[in-house]
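Spelled out, the chains give:
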2 protein chains.
Amino acid sequence: MSHSPYRSPSTGRGIRAVCFDTFGTIVDWRTGIVRDVRAFTTAQGLQLDAERFADDWRGLYQPALESVRSGARPFATLDELHSESLLSILDSHNVNPDRFGPGVLRELNRSWHHLPAWPDSIPGLTALRSRYIIGPLSNGNTSLLVNMAKNTGLPWDVIIGSDVTRAYKPSPESYLRTAAFLDLEPGELMLVAAHNEDLDAAQRSGLATAFIPRSTEHGPHQTSDLSPTGAWDIASTSMTDLARQLGVGPP
Amino acid sequence: MSHSPYRSPSTGRGIRAVCFDTFGTIVDWRTGIVRDVRAFTTAQGLQLDAERFADDWRGLYQPALESVRSGARPFATLDELHSESLLSILDSHNVNPDRFGPGVLRELNRSWHHLPAWPDSIPGLTALRSRYIIGPLSNGNTSLLVNMAKNTGLPWDVIIGSDVTRAYKPSPESYLRTAAFLDLEPGELMLVAAHNEDLDAAQRSGLATAFIPRSTEHGPHQTSDLSPTGAWDIASTSMTDLARQLGVGPP
């Protein structure tokens, strides 16, 4: 950390830590879940549309988070929410969850623990780590994010899961408590995300922001988040481009 | 993680994560603090016995932790406790803390963020990381442990600071909440420490245990913790020996 860090125009502060949305931004959750659902259906002798199953499972993600964010229910980890959603999706695909032993569905639920990284993620993170503290800023719980890092080779310096902040994005506490655990001012922390809504909430909480496009996160027909829609500090084209714009890696 | 992990005789479980006491076990706090106190006294034109100053500063560590553990005061981070102790020690060494700008003492307090690793720590941790989740299980707060890891090159997979568990060792919550954040049974988590008291408390909470001697932690005349005094799973001679006994690294 001998060179001066990137200074955020929006916060006026030098950046000390760069944190990343994870599902969609760092890892290709759809490809990973489709792959694991296919393996599950083959092993269990089921007929399921794996792509629709994956999209439906992820489709319950925001409603489940909202039930916690709204205070309608006490905090539950993302593993727990994923598990409840899985039972619901099996039911809607006309598969009786009771036909499986508990270990089978637990294993399928852990598909979220070993998702493939986008090809530029690890090279970009490795470059960024030479100058900045890097970590996820994700709705994932700590154990999910630790297992994902081990399985996928993500070189995080620190993992502050949503079960540590006890808050789900885009609530302000998710961003502010992450900065507080790092003993940083919000403006010294940058959020990198492929989702404009996430960046908007982070910016409102005083964080620096960087957009990266992940135009096939939702499959080949994606229409959302194809480009930056806000006044983010950085609009990058890839994780390695982001590293370059943050002053590390090849020019 | 293709090979089978170490199975703990005392817990009867395969070990998934190996966590480490940090001050004394991973890093040589006394050498680091003496070095930084010497630099401080030179820069400030003071006459101080740096070794006695370091020992006195560390001497307030357990009393400060106990004030939180006992419930006599609300939770405060180790950075905050170190800072209070520093003011007290300056006073007892007849140095008026008011002569310094706040940045000077803040910098001295951050000596605890960049302590030197014992020579075998990083090779041992690197070997262990190939099969186990590794992290500190320390009374340090998250930002202290993150900065130490960056400054010293400690290859942690995860950092769960005492400000995350809101508990100081040797209270049972410090061990049990660390296991819970990792979604592990206590018996799947091993504590490695150079302090028998720490291992005793961890074992009572159901963790697996390993001793490593650090016979100069307290300087050349150390009389405590020179050898294991309990029925720990492993009595190692060094961090690389520990890695070997846990099935990784050269035989």
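Analysis parameters
- Residues numbered from 1 in each chain as written.
- Chains lettered and ligands numbered in written order.
- Predicted model: local features only at pLDDT ≥ 70, side-chain atom pairs only at ≥ 80, totals over all residues.
- Heavy atoms only, no water.
- Least-squares fit on C-alpha atoms with pLDDT ≥ 70 in both.
- Contact = heavy atoms within 4.5 Å.
- Pairing = 2+ DSSP bridges.
- Helix = DSSP H or I, 4+ residues; strand = E, 2+ residues; numbered from the N terminus.
- Buried area = accessible area lost by both parts, 1.4 Å probe.
- Salt bridge = Lys/Arg side-chain N within 4 Å of Asp/Glu carboxyl O.
- Polar contact = N/O pair within 3.5 Å; in protein donor to acceptor, adjacent residues only side chain to side chain.
- Domains from an automatic or database assignment.
- Axes fitted to C-alpha atoms, helices over the stretch in contact; angles between N-to-C directions.
- Parallel < 35°, antiparallel > 145°, perpendicular 65-115°, else oblique.
- Left-handed = near helix turned anticlockwise from the far one by under 90°.
- Nonpolar A, V, L, I, M, F, W, Y, C, P; charged D, E, K, R; others polar.
- Buried < 20%, exposed > 50% of the residue type's maximum accessible area, 1.4 Å probe, protein only.

Asks: Would you take a moment to explain the relation of the copies chain B and chain A for this structure?
Replies: Mapping between the two chain copies consists of a rotation about an axis together with a translation along that axis. Each copy of the sequence occupies a distinct position, and chain B is placed on chain A by a rotation of 180° and an axial shift of 0.0 Å, giving an RMSD of 0.0 Å. Here the two chains are linked by the operation of a two-fold rotation axis. Here 100% of the contact residues of chain B are again contact residues in chain A; the copies associate through an equivalent surface.

Asks: Explain the sheet that holds strand 2 (residues 133–136) of chain A to me, please; I cannot follow it from the model alone.
Replies: Whether parallel or antiparallel, the strands of a sheet pair through hydrogen bonds between backbone atoms. All names here are of chain A. Strand order in the open sheet formed by 5 strands is 2-1-3-4-5, and the pairing between neighbours is parallel. Across the chains shown, the open sheet's two edge strands, defined by having one partner strand only, are strand 2 and strand 5 (234–235). Examined bridge by bridge, strand 1 (residues 17–20) and strand 3 (residues 189–193) share 4 bridges and lie parallel to one another. For C19, the partnering residue across the bridge sits in strand 3 and is L191.

Asks: Looking at this structure, I do not really get the sheet that holds strand 2 (residues 133–136) of chain B. What am I missing?
Replies: All names here are of chain B. Taken in spatial order, the 5 strands line up as 2-1-3-4-5 in an open sheet, and their pairing is parallel. Here the strands that pair on one side only, and so sit at the sheet edges, are strand 2 and strand 5 (234–235). Sheet topology places strand 3 (residues 189–193) next to strand 4 (residues 208–211); 4 bridges connect them, and they run parallel. What sits directly across from V192, in strand 4, is A210.

Asks: Looking at this structure, I do not really get the interface of chain B and chain A. What am I missing?
Replies: Think of interface size as the accessible area that goes away when the parts come together; that is how it is often given. Contacts between the two partners involve 22 residues from chain B and, on the opposite side, 22 residues from chain A. Across the chain B to chain A interface the summed buried area is about 1,800 Å²; carbon plus sulfur atoms make up 53%. Applying the counting rule to chain B against chain A returns 2 salt bridges. Two residues, D157 of chain A and K150 of chain B, come together in a salt bridge whose shortest N-O distance is 2.7 Å. For the pair chain B and chain A, the number of links is 8 residue pairs in polar contact (both at pLDDT 80 or more). Put simply, the parts of the chain that give the side of chain B that touches chain A at least two residues each are helix 7 (142–152) and helix 8 (162–165) of chain B. A total of 5 residues in the side of chain B that touches chain A trace back to one element, the largest contributor, which is helix 7 of chain B.

Asks: I tried to follow the environment of L105 of chain A on my own but got confused; where do I start?
Replies: Residues and elements named next belong to chain A. You can see L105 is positioned in helix 5 (residues 102–109). Each C-alpha atom of the pair L105 and I89 lies 12 Å from the other, and the pair is 16 residues apart in sequence. Excluding anything up to four places from it in sequence, L105 contacts F40, L86, L87, L90, P97 and F100.

Asks: Sorry if this is basic, but what is going on with the domain arrangement of chain A here?
Replies: Residue and element names in this part refer to chain A. Annotation of chain A at the domain level lists domain 1 (17–28 + 115–245) and domain 2 (29–113). Each of domain 1 and domain 2 has a C-alpha centre, and these two points are 23 Å apart. The interface is formed by 25 residues belonging to domain 1 together with 22 residues belonging to domain 2. Note on domain 1 versus domain 2: buried area summed over both sides is about 1,900 Å², and carbon and sulfur give 57% of it. Of all residues in domain 1, the largest losses of buried area upon contact with domain 2 belong to F23, L115 and Y168, amounting jointly to 34% of the total for that side. Connecting domain 1 to domain 2 are 0 salt bridges. At the boundary of domain 1 with domain 2, the tally comes to 14 residue pairs in polar contact (both at pLDDT 80 or more). Put simply, the parts of the chain that give the side of domain 1 that touches domain 2 at least two residues each are helix 7 (142–152) and helix 8 (162–165).

Asks: Honestly, the packing of helix 3 (residues 61–69) of chain A against helix 4 (residues 78–92) of chain A in this entry has me stumped. Any pointers?
Replies: A packed helix pair is summarised by two numbers, namely the angle formed by the two axes and the spacing between the axes. Residues and elements named next belong to chain A. Relative orientation of the contacting elements helix 3 and helix 4 amounts to 125°, with a least axis distance of 10 Å. Regarding the angle of helix 3 to helix 4, the classification is oblique. Relative to helix 4, helix 3 is oriented so that their crossing is right-handed. Packed against helix 3, whose contacting residues are Y61, A64, L65 and V68, the element helix 4 presents L78, L81, H82 and S85 at the interface. Its residues assigned to classes, the contact of helix 3 with helix 4 shows 6 nonpolar, 2 polar and no charged.

Asks: Before we go on, may I ask you to explain the pattern of salt bridges in this structure?
Replies: If charged atoms from side chains of opposite charge come close, those side chains can pair. Residue and element names in this part refer to chain A. Counted according to the given criterion, the structure contains 30 salt bridges over all chains. Here R30 and D55 are joined by a salt bridge, their closest N and O atoms 2.8 Å apart. Here D55 lies in helix 2 (residues 50–59) and R30 lies in helix 1 (residues 29–44), a separation of 25 residues in the sequence. Overall, R30 belongs to the buried group, its relative accessible area being 11%. Between R35 and D36 there is a salt bridge whose closest N-O contact spans 3.2 Å. Several salt bridges share partner residues, and in doing so they unite R30, R38, E51 and D55 into one network.

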